[in-house]
Amino acid sequence: MYVPEFADLVGEESEFFSSVFNKKPILRRGALREKHAELLTVDDLDGLLRSGTARLPYVRVTKNGDPVHPMSYTKLLRVQGEYFADAVVPEQVLGLFRSGATITWNTINHLHAGVRGLTTMLGAKFSTKCDAVAFLTPSGTEGFRPHHDPVDVFVVHLHGRKRWQVWGLPETRKGDAAQFSREDLGDPLLSEVLEPGDVMYMPYGTPHVAMAEGGVSLHLSVVVRPRMWGDLVQQVVQSVVAENPAFTTYPYVNVDNVGELLVGAKEMLGTLIEELEKVDIKEVVAGFTRSGGKEVRL
């Protein structure tokens, strides 16, 4: 099974982490050369869909930037006496696709070994949870309106051609997904057509939009949420608090008890500072690399 090296995606690693990571988007033409077809193909997705075993939320359909109601492409399925109301109907999904809808395969790494190898590699590199979303888009359509995601994204283009418009990072980045109008964004930083084997990296909060050109297009968005310092510090604080019985008592919280709360809060914060000063920093850092992060979704 083919699994790309991290350097295949980003180029020279030290340059990536010093000049690109968490700073700006980049595009690497032909990064995976002819190997991209070993990750995932249109035929692979067609086989998964036609197998009749696909269910929500692995498969979602959008049209004109809006989600299509799942009732239009799912049915009730009975398996060994159990009923599932989220079974995807292949013919209905394909009909929507032919009418201009985008098929999105969420967490496709759960269903496809080739993609799973890629997400496992990236998850190990960043010591965090990594998932992949496959977007199968008809010609001349945008699957989603201009938006940004609360995760870092490695775009791996696999089939057809897709024009990407990517804007620079805003001064203040928000942790939630958001949509934009082109008028609000102004001129894009990048406006490029991606072809099979191309790879693009976008830090979290990078506004972007993509449109298939000249035929059906398929790409993977491999999503990584590198943990912020706030996440890592919170992890340490939670560990310290959980291990100290002083924090298991509880005060009477009420506007009539503000004076006692002020005294208690000062004491608790003082205890926390004392306990944090005892922490073995080397062990803390080792724990960061062992623990990984939370599961992420687009």
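As shown above, the structure is provided for reference.
For the structure given in this document, a descriptive report is provided here. Each chain carries its own residue numbering, running from 1 in the direction its sequence is written. Per-residue local features of the predicted model are confined to residues with pLDDT of at least 70, and side-chain atom pairs are confined, for both listing and counting, to 80 or more; whole-chain, interface and lining totals are unaffected and use all residues. Hydrogens and waters are ignored; side-chain quantities use all the structure's heavy atoms.

**Here we look at the overall build of the protein**
Then, number 1: In terms of helices and strands, the protein carries nine helices and 13 strands.
Then, number 2: The principal-axis extent of the C-alpha atoms belonging to the protein is close to 65 × 55 × 45 Å.
Then, number 3: Partly exposed residues are those whose accessible area sits between 20% and 50% of the maximum for their type, while under 20% is buried and over 50% is exposed, using a 1.4 Å probe and protein chains only. Looking at the protein residue by residue over its 298 residues, the buried ones come to 43%.
Then, number 4: Sequence-distant contacts, at least 24 apart, represent 82% of the contacts inside the protein between residues at least 6 apart.
Then, number 5: With the model as given, the accessible surface of the protein reaches about 16100 Å², and the carbon-plus-sulfur share is 54%.
Then, number 6: Across the protein, the 31 positively charged side chains and the 38 negatively charged ones have centroids separated by 5 Å. Helix numbers and strand numbers start at the N terminus; a helix is a DSSP run of H or I with at least 4 residues, a strand a run of E with at least 2. Note on contacts: a residue pair is in contact if any heavy atoms of the two residues lie within 4.5 Å. Here, Shrake-Rupley sampling with a 1.4 Å probe gives the accessible areas, and only protein chains in the shown set may cover a residue. The charge count treats Lys and Arg as positive and Asp and Glu as negative. His and the chain ends do not count. To locate a charge, take atom NZ for lysine, CZ for arginine, CG for aspartate or CD for glutamate.

**A few points about the packing of helix α3 (residues 42-50) against helix α4 (residues 90-98)**
The relative placement of two packed helices comes down to the angle between their axes together with the axis-to-axis distance.
Then, number 1: At a minimum axis separation of 9 Å, α3 and α4 run at an interaxial angle of 135°. In terms of their interaxial angle, α3 and α4 are classed as oblique. Side by side, α3 and α4 meet where D46, L49 and R50 of the first sit next to P90, V93 and L94 of the second.
Then, number 2: Gly falls in the polar group here, along with every residue not listed as nonpolar (Ala, Val, Leu, Ile, Met, Phe, Trp, Tyr, Cys, Pro) or charged (Asp, Glu, Lys, Arg). For the contact of α3 with α4, a count of residues per class yields four nonpolar, no polar and two charged. Axis lines are fitted to C-alpha atoms, over the contacting stretch for helices. Their N-to-C directions set the angle, which ranges from 0 to 180 degrees. Any angle that is under 35 degrees is reported as roughly parallel, and any over 145 degrees as roughly antiparallel; angles of 65 to 115 degrees are reported as roughly perpendicular and all others as oblique.

**Considering helix α5 (residues 113-126)**
Then, number 1: One fewer than the residue count of a helix, multiplied by 1.5 Å, yields its expected span. In a regular helix each residue adds 1.5 Å, so 14 residues correspond to 20 Å; α5 covers 20 Å between its end C-alpha atoms and thus fits that length.
Then, number 2: Listed in full, the buried residues belonging to α5 are G114, V115, G117, L118, T119, M121, L122, G123 and F126.
Then, number 3: Against α1 (6-10), α2 (13-20), β7 (130-137), β9 (152-166) and β13 (208-224) lie the buried residues of α5.
Then, number 4: With its phi angle positive at about 50°, S127 sits one or two positions after the end of α5.

**Focus on the pairing of strand β2 (residues 59-63)**
Then, number 1: Here a strand pair is declared whenever DSSP counts at least two bridges between the two strands. Pairing geometry for β2 and strand β6 (residues 102-105), over four bridges, is antiparallel. Across the sheet, the residue bridging to T62 is T102, located in β6.
Then, number 2: Both β2 and strand β3 (residues 66-67) contribute to a ladder of two bridges, which runs antiparallel. The partner of K63 across the bridge, within β3, is D66.
Then, number 3: In this structure, the hairpin formed by β2 and β3 is closed by a connection of two residues, where N64 is found at a positive phi of approximately 55°.

**A closer look at the pattern of salt bridges**
Then, number 1: When a carboxyl oxygen of Asp or Glu is within 4 Å of a side-chain nitrogen of Lys or Arg, the pair counts as a salt bridge. The final tally for this structure, using the stated rule, is 14 salt bridges.
Then, number 2: One salt bridge in this structure joins E192 and R29, with 3.0 Å as the shortest N-O distance. Note that E192 is positioned in strand β11 (residues 190-194) and R29 in the loop between β1 (26-28) and α3, a separation of 163 residues in sequence.
Then, number 3: With a relative accessible area of 32%, E192 lands in the partly exposed category.
Then, number 4: Given a relative accessible area of 44%, R29 falls into the partly exposed group.
Then, number 5: In this structure, D231 engages R225 in a salt bridge whose closest nitrogen and oxygen atoms are separated by 2.6 Å.
Then, number 6: What emerges from the salt-bridge pattern is a single network uniting R161, R163, E195 and E213.

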